[in-house]
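Residues per chain are reported as follows:
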Amino acid sequence: MKKSILFILFFCLPFLTVAQNNGNRDNPYWTEIVTEQPEGYTVLENGDVEISSAEGLAWLISVVNGLNGCVADDFEGRKVDLLRDVDLSGADWVPIGDIFSDSTLVFKGQFDGKGHTIKNLYIKDLSWDYLSLFGYLNHAEIHNIFLDQGLICGRSYCGGIAGRCDNGSLIDNCVVNLEVAGNCYTGGITGRNKDSMIRNCCYIYFRFEPGGFYGGGIAGWNEAEGQDAVIENCYYDSQIIGSFNTCWAGGIVGYNVVTEGEGAALVKNCYAALHGRDWYEEGGIVGWNLNGTVTNSYYCVIYNYISDVPVIGYGDMNYSDCSIFEYQEGMESILEHPVSVGEYQTDNLLDALNLWLTIQSPTIWYQEWCERESLPFFCDQLDETEEQMIQLDGITVSPNPSSGLVQINGIDVAEVTVYNILGQIVKTERSTNEIDLEGLPQGIYTLRIADERGFVVTKKVIKK
């Protein structure tokens, strides 16, 4: 039975009052380790910066946030380039731009990750807001970052790339493959996207935890207040791990709203593959829509029981050319209803996403879509993940058929979820390479297996 709005709010709000600091940290903060400019941080003659180490990236925190003897610098009009992969496992992260402590501590420059990986970013404080790689972006640009492994966990406005993205900022071509968790306004890419754009981004870690209200696979809150707030050409493929308090979750956006002015809150050419369960007023694309618009966006739902999940969970049903799609391993993803994209009609998910690109100007701004194991992904990710995918292709389950215990070989399992032929979750195990099917009816089951990096493979097993 659906819970009433007042009942949910009653249980959401106390979370904020009982949350505690992450006081028993095993690691120091990076700002406690890197207390002076390291070799991996190079300032060029024009004021731009090149970063080539984890210590160099950590020093950017102090420069922007005014720590360790630095005068706070917002980098307006200047650029920061990441020149190589970095591993942040040595300490806990502090957001670059700390709006929670001081509203003047923002990042206004350009940051280009050059396609490099930032690995093992860890930040957890349940009393803190705007936890992310960047805490606050204001008229900034963030490009080409791959966040791999780690945890971002806070109270409100938490996201993978930015806690808050504001005032004409752009987050483009970023991949988040680490766990993001929070109470309210939690997003896989950003907690709050206001008058800004998120483009060509995806959240692919195998679990996403919006514990309270307004959780979105890409943005918790997409708000237009005088300028357009746009999320376009993005995707989300993850399991939603909510709680009794979870409400108004969306596959792409939790809360899509126009508050004032002439701007539009837009979600365009996105898709979401939702794993988990049904939440209060959940939408396949948007949880709560208030004067916003959704176009050319698609979703599938894989839950522990069959439930009707609409495009928009609550509010204005303002959408067009949207459809649920059917996901089956090794087959094309087919839309339930054909959609019109420009002059064309199609019921194929991959075609619908790519046809939309052909009518955009300029088309070079957008990542083209390819397909592997039925779900689309960005074509330029192919080379980067090919070696990992080859490794995952070697995974086996045995014995198959099985009357009980099944062994998963070729992978260190972080989580395995068992689905029956109806797509219902019948069993979940974590941190084990064995799963027991005893007690389940005879039939064909699908194992969704995730490793510690968040990469996922599915395997069929027959229970005899």
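For the structure, check the block above.
Residues numbered from 1 in each chain as written. Predicted model: local features only at pLDDT ≥ 70, side-chain atom pairs only at ≥ 80, totals over all residues. Heavy atoms only, no water.

Draft legend 1. Structural detail: the pattern of salt bridges. The full count for this structure, using the stated rule, is 15 salt bridges. Residue R78 pairs with D73 through a salt bridge whose shortest N-O separation is 2.5 Å. Here D73 falls in the partly exposed class, since its relative accessible area comes to 23%. The residue R448 makes a salt bridge to D237 at a minimum N-O spacing of 3.8 Å. Taken together, the residues span a long stretch of sequence, with R448 in strand β40 (residues 443-451) and D237 in strand β21 (residues 235-240) at a distance of 211 residues. Using a relative accessible area of 7% as the deciding quantity, one classes R448 as buried. Each of E179, R207, E209, E415 and R430 takes part in a single network of salt bridges with overlapping partners. (Salt bridge = Lys/Arg side-chain N within 4 Å of Asp/Glu carboxyl O. Buried < 20%, exposed > 50% of the residue type's maximum accessible area, 1.4 Å probe, protein only. Helix = DSSP H or I, 4+ residues; strand = E, 2+ residues; numbered from the N terminus.)

Draft legend 2. Structural view of the state of the cysteines. For the structure shown, the criterion picks out one disulfide. Note on cysteine connectivity: C370 is disulfide-linked to C379, with sulfurs 2.0 Å apart. Because the torsion about its S-S bond is 105°, the bridge between C370 and C379 counts as right-handed. Its relative accessible area of 28% is what places C370 among the partly exposed residues. (Disulfide = S-S within 2.5 Å.)

Draft legend 3. Here's a closer look at the sheet that holds strand β11 (residues 170-172). With mixed pairing, eleven strands are arranged side by side in an open sheet as β1-β2-β3-β5-β8-β11-β15-β20-β23-β26-β29. Two strands close off the open sheet at either side, each with one partner strand: β1 (41-43) and β29 (319-320). Two strands pair when backbone bridges link them, and strand β2 (residues 49-51) and strand β3 (residues 79-82) are joined in this way by three bridges, in the parallel orientation. For V49, the partnering residue across the bridge sits in β3 and is V80. Across the sheet, helix α4 (residues 54-65) is in contact with β1, β2, β3 and β5 (110-112); its angle to β1 comes to roughly 60°. (Pairing = 2+ DSSP bridges. Contact = heavy atoms within 4.5 Å. Axes fitted to C-alpha atoms, helices over the stretch in contact; angles between N-to-C directions.)

So yeah, pure geometry; function would need other evidence.
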